[in-house]
Amino acid sequence: MSMFKRQGRRRRDGELSDEELHRAALAGSGEAMAALYRRHGGLVYRFTLQMSRNEAIAEEITQEVFLALLTQIDRFDARRGALSTWLCGVARRQLWKYLARNDSAAMLDLDQEGAAEVQSPSDGPVELLLRHEAVAAVRAGMDELPPGLREVVILCALEEMSYEQAAQVLAVPVGTVRSRLHRAKARLAALLHEETASTERKRR
C-alpha cells in the first residue's frame with residue numbers, strides 16, 4: 001500500500017509549525033522535510049488521485065509538489081495562507097498541465113462559467129450526497145463530472161476545505177468556488193435522481 005494513502009496527521013501542541021519545518025527543510029533538515037511529507041502528503045495524494053484516477057500519476061505529482069517546496073523557495077509565504085493550500089495549488093497546476101497534454105477536452109468546463117446551470121430535481125439528494133455516510137455515492141458520481149467541477153467537490157466536500165481555502169488552491173474568487181460547487185452538486189443530484197429512477201423501473 002502506498003504511503004500516500006494514509007490519512008494526514010494533524011499537528012499536536014508543542015510540534016513545530018509548518019513554517020518552522022519549512023525553514024528547517026530549506027536549511028537541509030531531512031527530518032523536517034519528512035515531517036512535512038507525513039503531515040500533508042496524504043492530502044496532496046488524495047486530491048491528485050481523485051482527479052486523475054491513476055495511482056502512478058498521483059504519486060509522481062505528489063513527489064513533484066514536495067520537490068517544488070524545496071526548490072521554489074520564494075513561492076510559499078505563510079502570511080498568505082496555509083502550507084496545505086499552497087501544496088494543493090501546486091498539485092492542481094501540475095495536474096492541469098497533464099490534462100492539457102493528454103485530454104484537451106477536459107479543459108472545456110472552465111470555459112463555460114456563464115453556461116446555463118443544470119437544475120437539481122430537489123435539494124434533498126444534494127444534501128444526501130454530501131453527508132458522511134454517502135461519500136461512496138459522491139465518489140462514484142464524480143467520475144461523471146468534468147475535472148473543473150470535480151476538483152471543487154474533492155476540496156470542499158471530501159477534504160472539507162472552506163470556500164476561502166479552496167479559492168486559494170484554485171486561484172479563483174470565492175464566488176467562483178461557490179458557483180462551481182453549486183453546478184457540481186446539481187449534476188450529482190441529477191445523476192442520483194436518474195439512478196434512483198432507473199432502479200425503480202427495474203423493480204417494477
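Just so it is clear, the model here is predicted, and its values are computed rather than measured. (Residues numbered from 1 in each chain as written. Predicted model: local features only at pLDDT ≥ 70, side-chain atom pairs only at ≥ 80, totals over all residues. Heavy atoms only, no water.)

(A) Geometry of the overall build of the chain. From N to C terminus, the chain includes nine helices and zero strands. Secondary structure elements in the chain, listed N-terminal to C-terminal, are α-α-α-α-α-α-α-α-α. Sorting the 204 residues of the chain into buried and exposed places 44% on the buried side. Considering only intrachain contacts with a sequence separation of at least 6, the fraction spanning at least 24 residues in the chain is 65%. For the chain, the accessible area works out to roughly 11,700 Å², and carbon and sulfur atoms hold 48% of it. (Helix = DSSP H or I, 4+ residues; strand = E, 2+ residues; numbered from the N terminus. Buried < 20%, exposed > 50% of the residue type's maximum accessible area, 1.4 Å probe, protein only. Contact = heavy atoms within 4.5 Å. Areas by Shrake-Rupley, 256 points an atom, 1.4 Å probe, with all protein chains shown as cover.)

(B) Focus on the packing of helix α2 (residues 30-52) against helix α4 (residues 83-102). Contact geometry for α2 and α4: axes closest at 10 Å, N-to-C directions at 35°. Note that α2 runs across α4; the crossing there is right-handed. Counting all contacts with α2, which are made through Leu 36, His 40, Leu 43, Val 44, Phe 47, Thr 48, Met 51 and Ser 52, the residues of α4 involved are Leu 83, Ser 84, Leu 87, Cys 88, Ala 91, Arg 92 and Leu 95. Here the contact of α2 with α4 is built from residues that sort into 10 nonpolar, four polar and one charged. (Axes fitted to C-alpha atoms, helices over the stretch in contact; angles between N-to-C directions. Left-handed = near helix turned anticlockwise from the far one by under 90°. Nonpolar A, V, L, I, M, F, W, Y, C, P; charged D, E, K, R; others polar.)

(C) Representation of the nonpolar core. With 44 residues, the main nonpolar core has Val 65, Phe 66, Leu 69, Leu 87 and Val 153 as its most contacted residues. Within the residue set of this core, elements represented by two or more residues are α1 (18-26), α2, α3 (55-71), α4, α7 (147-158), α8 (163-170) and α9 (174-203). Among the elements that take part in this core, α2 stands out by supplying nine residues, more than any other. The two domains that each donate at least three residues to this core are domain 1 (1-108) and domain 2 (121-204). (Core = buried A, V, L, I, M, F, W, Y, C linked by side-chain atoms within 4.5 Å. Domains from an automatic or database assignment.)

(D) Broad picture of the side chain of Arg 39. With respect to the helices and strands, Arg 39 occurs in helix α2. Of the polar contacts made by the side chain of Arg 39, one reaches the backbone oxygen of Leu 16; its length is 3.2 Å. (Polar contact = N/O pair within 3.5 Å; in protein donor to acceptor, adjacent residues only side chain to side chain.)

(E) Representation of α2 within the structure. At His 40, α2 shows its largest kink, close to 50°. Where burial is concerned, most of α2 is hidden: 18 out of the 23 residues are buried. Two residues or fewer after α2 comes Arg 53, characterised by a positive phi angle close to 60°. (Bend = angle between axes of the 7 residues up to and from the residue.)

(F) Molecular detail of α3. The terminal C-alpha atoms of α3, which comprises 17 residues, lie 24 Å apart, in line with the 24 Å expected from a rise of 1.5 Å per residue. Listing the buried residues of α3 in full gives Ile 57, Ala 58, Ile 61, Thr 62, Val 65, Phe 66, Ala 68 and Leu 69. With its buried residues spanning 160° around the axis, α3 presents them on a single face. Looking at α3, the residues exposed on the side facing more than 90 degrees away from the buried face are Ala 56, Leu 67 and Thr 71. At its buried positions, α3 is contacted by α1, α2 and α4. Sitting at the head of α3, Asn 54 places a side-chain oxygen 3.0 Å from the backbone nitrogen of Ala 56. (Expected span 1.5 Å × (residues − 1). Arc of directions from axis to C-beta.)

(G) Seen up close, a positive patch on the surface. A cluster of basic residues, Arg 75, Arg 93, Lys 97 and Arg 101, forms a positive patch on the protein surface. When you line up the elements, Arg 93 lands in helix α4. (Patch = residues over 30% accessible without salt bridge, like charges linked within 9 Å, V, L, I, M, F, W, Y side chains within 5 Å. Salt bridge = Lys/Arg side-chain N within 4 Å of Asp/Glu carboxyl O. Lys, Arg positive; Asp, Glu negative; His and termini not counted. Charge placed at Lys NZ, Arg CZ, Asp CG, Glu CD.)

(H) Inspection of the pattern of salt bridges at higher detail. Here the structure, examined in full by the defined rule, presents seven salt bridges. For Arg 92, the salt bridge goes to Glu 151, with nearest N and O atoms at 2.9 Å. Linking Arg 92 in helix α4 with Glu 151 in helix α7, this pair joins segments that are 59 residues apart in sequence. As far as burial versus exposure is concerned, Arg 92 and Glu 151 are alike and both buried. Between Glu 151 and Arg 180 there is a salt bridge; the shortest N-O distance is 4.0 Å. With Glu 151 in helix α7 and Arg 180 in helix α9, this pair connects stretches of sequence that are 29 residues apart. Grouping residues by exposure puts Glu 151 and Arg 180 together as buried. Here the salt bridges share partners, and the residues they tie into one network are Glu 15, Asp 18 and Arg 39.

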